[in-house]
Amino acid sequence: MTSGGSFLQVPGTNGRLGFSIDIGMPLILDVRNGASFGIGNHVAPTSDVSANAYLAGMPTPRTYSSEDLKTAIADSASWRGVLRTLGLLSTSSGAMLSVRQRADTLGISCAHFRGQRRWSDAQLREAVAKGNTWPDVRNRLGLAGTRDLAAIKGHALRLGLETRHLEPILRTPNVRTMNSPLDNLDRAGSLLAASWFTLCGFDVAWPLEPCRYDLIVSMESEARRVQVKTTTTRVGNTWKAYLSTSGETRRLYDPDEIDDFFVVDGDMNFYFIPVAAVGGLYAIHLRAYDEYRVEK
């Protein structure tokens, strides 16, 4: 039987509850060889129609009440916990989306949720408001370590918390207590060389490690492989520079590996020495190579 109306009432049988459906499209009812019913082209068999049956193509009705949802959220620490409390599949993304949307509709707060964290968003808000520094916030949450500190900062940013009072006050460093430039000369050597070549108008590139040269310098139409050396070893009135690598035995640089040495001594003098001028030498006294000293 086909009905063009918008309301269908099905009486109960054999002690089962009847039900009614309010629809706005034609309904199909077929009682031959077992009843079936549907809306439009959606037809479902109803040989065992009961009060909790539903039409094909229609959303599954909720099995929990609003009060059930409020209680589950209050007693849980995560959305998966809420699903388990409600008797739903905790790994179902569809069920989680439905529950979250329903909670948003009802205005139920989940600020106490913490997921896999040991603290909630509400606890973080309180710790940030009362803390004086980031380590202080971390301690208030009962945590330790730099990894926890990074996570705390990230969640604070996500929540849009005011954290300017936690930042350290920048102070002007006392130059009198800073290390001597020579203490870090070996670290700064390649930077000094690259800066000098750049100031001279040459293009400088840094090779991928490991390489026997430190810089690639484009000079006119030629690319030069430059090994940078620094020295803080004073010998009499000159500086001693090692042109070999250290280890159990010192290793020389092969002329096929590099083209030039760029040497920085303890007086901050720069020397640009072709490997052809010092090939086979493990170390040199820079005073003997003054002709290769360059202007700064």
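Small disclaimer: the values here were computed from a predicted structure and weren't measured.

## Observations regarding the packing of helix H1 (residues 66–75) against helix H3 (residues 93–106)
- Their axes nearest at 11 Å, the elements H1 and H3 cross at an angle of 100 degrees. One element, H1, and the other, H3, form an angle in the roughly perpendicular class. Across the interface between the two elements, Ser66, Leu69 and Ile73 from H1 touch Val99, Arg102, Ala103 and Leu106 from H3.
- Here the residues of the contact of H1 with H3 sort into five nonpolar, one polar and one charged.

## Thoughts on the side chain of Ser244
- Within the secondary structure, Ser244 sits in strand E12 (residues 244–245).
- At 2.8 Å, the side chain of Ser244 forms a polar contact with the side chain of Arg250.
- Within the structure, Ser244 has its side chain in polar contact with the backbone oxygen of Tyr282 (distance 3.2 Å).
- Setting aside chain neighbours within four positions, we find Ser244 in contact with Lys229, Arg250, Arg251, Leu252, Tyr253 and Tyr282.

## Side note on the packing of aromatic side chains
- Taken as a whole and assessed by the stated rule, the structure comprises seven aromatic pairs.
- Centroid distance Trp196 to Phe197: 5.2 Å. Interplanar angle 75 degrees. Geometry classified as edge-to-face. Phe197 shares its class with Trp196; the two are buried.
- Relative to Phe272, the ring of Phe197 has its centre 5.4 Å away and its plane inclined at 80 degrees; by these criteria the two rings are edge-to-face. Of the two residues, Phe197 is situated in helix H7 (residues 185–199) and Phe272 in strand E15 (residues 270–274); the sequence distance between them amounts to 75 residues. Taken individually, Phe197 and Phe272 each receive the classification buried, so the pair is uniform in this respect.
- Ring-pair connections join several aromatic residues into one group, and the members of that group are Trp196, Phe197, Phe262, Phe270 and Phe272.

Parameters and conventions
- Residues numbered from 1 in each chain as written.
- Predicted model: local features only at pLDDT ≥ 70, side-chain atom pairs only at ≥ 80, totals over all residues.
- Heavy atoms only, no water.
- Axes fitted to C-alpha atoms, helices over the stretch in contact; angles between N-to-C directions.
- Helix = DSSP H or I, 4+ residues; strand = E, 2+ residues; numbered from the N terminus.
- Parallel < 35°, antiparallel > 145°, perpendicular 65-115°, else oblique.
- Contact = heavy atoms within 4.5 Å.
- Nonpolar A, V, L, I, M, F, W, Y, C, P; charged D, E, K, R; others polar.
- Polar contact = N/O pair within 3.5 Å; in protein donor to acceptor, adjacent residues only side chain to side chain.
- Phe/Tyr/Trp six-rings, centres within 6.5 Å; stacked < 30°, edge-to-face > 60°.
- Buried < 20%, exposed > 50% of the residue type's maximum accessible area, 1.4 Å probe, protein only.

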